[in-house]
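# Close look at the chain arrangement
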Amino acid sequence: MNRLFICFLSLVFALPLQSQYYQEQTDGITINATENNMGIKTIKLKVFTENIIQVVISPVETFSKSESLVVTEKMQVTPQWNINENEKTITLSTQNITVIYNKQTNNIRFLQNNGKLLLADDLKEIIPANVMGEKCFHIKQSFNYSHGESLYGLGSYMDGEVRLNAKKVEMLQRNREDVVPVIISTNGYGLLWDNYSLSEFNDTKDAFYLWSEVADEINYYFIYGENTDQIVNSYRLLTGKAPMYPKWVFGYMQSKQKYDTQEEIVSVVKKFRELKFPLDLIIQDWQYWPQGQWGQKSFNRQNYPDPQRMTDDIHAMNAKIIISIWPDMATGCPNNFEMKKINGLMKNDRHLNVMMPEARKLYWKQTNDSLFHYGIDGWWADCSEGYDSDWTSPFFKNPKVKLLTLNADDLKKMYGQAKYINSYALMHTKGLYEGQRETTSDKRVYILTRSAFAGLQKYGASYWTGDVSANWEEFREQIPAGINFCMTGIPYWTTDIAGYFIKREPGWWFSNGVFESGQKDTGFLELYTRWFQFAAFSPLFRAHGWHFPREPWAFGDTGSQTYETLLKFTNLRYRLLPYIYSQAWKVTNENYTIMRGLTFDFMHDSATHNINDQYMFGPSFLVCPVTKPLYYLPDNHKMNTKEFTKSIYLPEGTKWIDFWTGKSYDGGRSMKADASFETMPIFVKAGSIIPMGPFIQYSTEMTDPVELRIYPGADGKFTLYEDENDNYNYEKGMYSIISFEWKDAEKILTIDDRKGEFPGMKAERTFNIHIVNETLGHGVDVISGPQKTLKYSGKKVMVKL
């Protein structure tokens, strides 16, 4: 044989074989899909981390070049991964997970590397379509999951159930319904569905599908995690960290519909200070703008003659003010006119075109020049679903339109497109956040928005559940709505305490208030108190509503049962600020979640998987809101004189201590807890170290002394975080942390060396230390006669108790 030919054959057989089924890239593989009638041509498996695989399924040989609005973070390195192929499958594996593609069916399975099946995809459909004149595809992806698995997430929906199992959900942004296309499973995985159009989730027994109306391709991220915290952490690695809020955000927020004058809003803050009722934030609702100029971002000078004086007066009382701003700007107002000149409005000629960077910049300039310039501290982004909100506009004069009952077709007509209708709030908050960060001000951004979407957390935004009504059913629905929302990875959530609507309002289809006499109704006072107690243990603590004032004194004079209960829970919130602010740091630094569905911490306990009215507040507090009337019984309008308890479940695997009595209980049991009017059942996990500050009137008044309550029965740790409270120096490392560790058997508390420093830091701290029991260390009040008082100067110390 010719020597040259032999050398050629040797070279050929030495080369690696190239598969006819896939092409390899540095960060994954592209698969040539098996032809079928479902429109599938090409599949991409992209490795982001050891726990995250992106799956893209295309109807053509290439993939969309459009950048994701949601997945904005770049991975520093691609982890090591391996590829194997046999006659039937292609297998991609990382250190933690294995992805197996079936060549015959195009189906994909996701497994742990120990062989445990996590999730299996099934039918895929990519169907050519034309929506609003745009050529696109309808997409559908089905999945099969394990029997007994529980699913959570998708945003905030008022259906009263925490699990998604057996639900069908239309995913469309609405007042009171919010879309965050993230699913979390008790089987150790999450899914991020990267699509912004009208979508649908439908679950049948052990299977569900996701469908979207407008897409270029199917695009989702599979996220593995041993627990829910790990899944949320990976979600934020993809979509962005939640920045630190200023400390005042975690105090009490007072709002109503609405303060009508500069004099009124300043006088309300004065009365809080006179009554010594803690307050950090007053909120100016809508229609502060000039008459006839809906959404104009400037003050009506008849009612607000000196905005600078107004903010100065409020700041002088150590309070903050945020203001409602709307992306809906009436035709003819100056803001609208400016937007028109750059074609910065949507098809209805009123709404900000949030997809246009130049329009977002002009929107911020208007906000900065007329509001931020005067010292406004944050933004209430109302009606951020992106639909018409001014019922004096021609749109609402059409008799075929019912107020705020718009469907997807209505929205698409106003937008002039269908691809991005669920992402309006995301891009709206993006413009506000980036605009403020580019100014010379070092104020931390705070945005409260009525709509959200995946990735919202990176723009300093929190979500509230919209215009809910004053009734017990809708109160009960808030708790699973908040749990599900926070499980999607967006950590900050709140609600209108006791509902926006008190009375039934004609034309407002969701107005189901039943307390016509308002704050004079004893039934409403009970509802308000219970909702208030729950809100004190929510990520954000905010009162708001229509029909009458919502200040605490509107519900009773000082000394009345209702007023004193509201004051008691507000004082408790403020005493817990060292604990809460430290959890906020964990949110930013560790991608933590404060409002925690029970599966965050007790996934091993299947009894927790479908509890709709309990959750953890940080790592220590089990919160059990009272969600039905116990004192005033609406059926017979009589006062209950019998039992004032709530049935609760204590998760297994730990002991629990009643916060109000100090009594200890074993976990893994149901029981009846005291639910008297002035009490909400709260239990503390054994091993917890709870720092409680002094009684204060605003969040930054003082931080010393700190009462350290140790809840015995297990070892425990806590890290106390402190900084300057309201600037971005923490991003430069200007903060301090103090670590505490409790050894239960030895009864030794170790306080480690303080790490870090910041301007204004107290060099010496006073810690009053207690071991909680049935006679010492429980309830709201400061405990007299601590077991140990320690002057701490930043050096490690061990305390025997």
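What you see is a predicted model, and the numbers here were worked out from it, not measured in a lab.

### Considerations on the nonpolar core
Residues Phe537 and Phe621 are the most contacted members of the largest nonpolar core, which totals 233 residues. In terms of residue count, the dominant contributor to this core is helix α11 (residues 522–536) (9 residues). Beyond its immediate chain neighbours, meaning those up to four positions away, Phe537 contacts Phe569, Leu572, Arg573, Leu576, Tyr615, Phe617, Phe621, Val623, Met680 and Ile682. If you look at the next biggest cluster of nonpolar residues, it comprises 14 residues, including Ile611, Leu650, Tyr665 and Ala673.

### Here we look at the sheet that holds strand β32 (residues 655–658)
One open sheet holds the 6 strands; their spatial order is β26-β27-β28-β35-β32-β33, and the pairing between them is antiparallel. Each edge of the open sheet carries a strand with a single partner, namely β26 (595–596) and β33 (664–666). Relative to β33, β32 runs antiparallel, the two sharing 3 bridges. The partner of Ile657 across the bridge, within β33, is Ser664.

### A few points about the packing of aromatic side chains
Note on aromatic pairs: each is described by the distance of the centres and the angle between the planes. Counting across every chain of the model gives 71 aromatic pairs. Plain terms: the ring middles of Trp585 and Tyr730 are 6.4 Å apart, the flat faces sit at 85° to each other, and that makes the pair edge-to-face. Residue Trp585 is found in helix α13 (residues 577–590), and its partner Tyr730 is found in the loop between β38 (716–722) and β39 (736–743); the two are separated by 145 residues along the sequence. Each member of the pair Trp585 and Tyr730 is classed as buried. Taken together, the aromatic side chains of Tyr245, Trp248, Phe250, Tyr446, Tyr492, Tyr581, Trp585, Tyr721, Tyr728, Tyr730 and Tyr735 make up a single cluster linked through ring pairs. Sitting over the ring of Trp660, Lys568 keeps its end group 4.4 Å from the ring centre. Residue placement shows Lys586 over the ring face of Tyr592; its charged tip is 3.9 Å from the ring centre.

### Structural notes on the pattern of salt bridges
Across all of its chains, the model carries 31 salt bridges by this definition. Residue Asp121 pairs with Lys124 through a salt bridge whose shortest N-O separation is 2.8 Å. Across the salt bridge formed by Glu707 and Arg575, the nearest N and O atoms sit 3.3 Å from each other. On the criterion of sequence distance, the pair formed by Glu707 in strand β37 (residues 706–710) and Arg575 in helix α12 (residues 561–575) is long-range, its members being 132 residues apart.

### A short note on unusual backbone geometry
Omega for the peptide link from Gln257 to Lys258 comes to -5°, which places this bond in the cis form. Structurally, Lys258 can be placed in the loop between β18 (252–254) and α3 (262–275). Here the residue pair Asp704 and Pro705 is connected by a cis peptide bond, since its omega of 0° sits within 30 degrees of zero. Here Pro705 lies in the loop between β36 (689–692) and β37. Of note in the backbone geometry, Asn106 takes a positive phi value of approximately 70° without being a glycine. Owing to a relative accessible area of 1%, Asn106 belongs among the buried residues under this scheme. The backbone of Asn318 shows a phi angle near 60°, a positive value even though the residue is not glycine.

### So, the packing of helix α6 (residues 357–370) against helix α9 (residues 424–437)
Running from amino to carboxyl end, α6 crosses α9 at an angle of 60°, the nearest separation of the two axes being 9 Å. Comparing their axes, α9 and α6 come out oblique. For the crossing formed where α6 meets α9, the hand is right-handed. Between α6 and α9, the residues in contact are Arg360, Tyr363, Trp364 and Thr367 and Met427, His428, Lys430, Gly431, Leu432, Gly435 and Gln436, respectively. Its residues assigned to classes, the contact of α6 with α9 comprises 4 nonpolar, 5 polar and 2 charged.

### Let's talk about the state of the cysteines
All chains considered together, the criterion is met by 0 disulfides. In this model Cys333 remains outside any disulfide bridge; the closest cysteine sulfur is found in Cys383, 15 Å from its own. Judged by its relative accessible area of 2%, Cys333 falls in the buried class.

### Concerning the pairing of strand β8 (residues 108–112)
For a regular strand, the rule is simple: side chains alternate between the two faces of the sheet. Counting buried residues in β8 gives 4 out of 5 residues, a clear majority hidden from the surface. Summarising the sheet, strand β7 (residues 97–102) and β8 pair through 5 bridges and their orientation is antiparallel. When the bridges of β8 are listed, Thr98 appears paired with Leu111. The turn joining β7 and β8, which pair antiparallel and follow one another in sequence, is formed by 5 residues; a positive phi near 70° is taken by Asn106. Relative to strand β9 (residues 117–131), β8 runs antiparallel, the two being bridged by 3 bridges. The residue bridging Arg109 from the neighbouring strand is Ala120, located in β9. Linking β8 back to β9 in an antiparallel pair, the connection comprises 4 residues, with Gly115 at a positive phi of about 100°.

### Here's the deal with the side chain of Ser620
In this fold, Ser620 is placed in the loop between β27 (615–617) and β28 (621–623). Among the residues examined, Ser620 registers a relative accessible area of 4% and is labelled buried. Excluding anything up to four places from it in sequence, Ser620 contacts Tyr579, Trp656, Phe683, Val684, Lys685, Ser688 and Ile690.

### A closer look at the environment of Gly668
Looking at the secondary structure, you find Gly668 in the loop between β33 and β34 (669–674). Sequence spacing of Gly668 and Gln457 is 211 residues, and the spatial spacing of their C-alpha atoms is 34 Å. Ignoring any residue separated from it by four or fewer positions in sequence, one finds Gly668 in contact with Tyr649, Leu650, Pro651 and Glu652.

Conventions and cut-offs
Throughout, residues of each chain are indexed from 1 in the direction in which the sequence is written. Note on the predicted model: pLDDT of at least 70 is required for a residue's local features to be given, and 80 or more for side-chain atom pairs to be given and counted; whole-chain, interface and lining totals, by contrast, use all residues. Heavy atoms throughout the structure, all of them, feed into the side-chain values; hydrogens and water do not. Nonpolar cores are built from buried Ala, Val, Leu, Ile, Met, Phe, Trp, Tyr and Cys residues. Side-chain atoms within 4.5 Å join them into one set. Burial classes follow relative accessibility: with a 1.4 Å probe on protein chains only, a residue under 20% of its type's maximum area counts as buried, one over 50% as exposed, and anything between as partly exposed. Secondary structure elements follow DSSP: runs of H or I of four or more residues count as helices, runs of E of two or more count as strands, with numbering from the N terminus. Contacts: residue pairs with any heavy atoms within 4.5 Å of one another. Paired strands, in this sense, are two strands between which DSSP finds at least two bridges. Between the rings of Phe, Tyr and Trp (Trp by its six-membered ring), a pair exists once the centres lie within 6.5 Å; its type follows the angle of the planes, with under 30 degrees stacked, over 60 edge-to-face, and the other angles tilted. A ring has a charge above it when a Lys NZ or an Arg CZ is no more than 6 Å from the ring centre and no more than 35 degrees off the ring normal. Salt bridges are defined by distance alone: a side-chain nitrogen of Lys or Arg within 4 Å of a carboxyl oxygen of Asp or Glu. Axes, fitted as lines to C-alpha atoms, cover a helix only where it is in contact. Angles between the N-to-C directions of the axes lie from 0 to 180 degrees. For this classification, under 35 degrees means roughly parallel, over 145 means roughly antiparallel, 65 to 115 means roughly perpendicular, and everything else is oblique. For a crossing to be left-handed, the near helix must be turned anticlockwise from the far one by less than a right angle; the clockwise case is right-handed. Side-chain classes follow a simple rule in which Ala, Val, Leu, Ile, Met, Phe, Trp, Tyr, Cys and Pro form the nonpolar group, Asp, Glu, Lys and Arg form the charged group, and the remainder, Gly included, forms the polar group. Two cysteine sulfur atoms make up a disulfide if the distance between them is within 2.5 Å.

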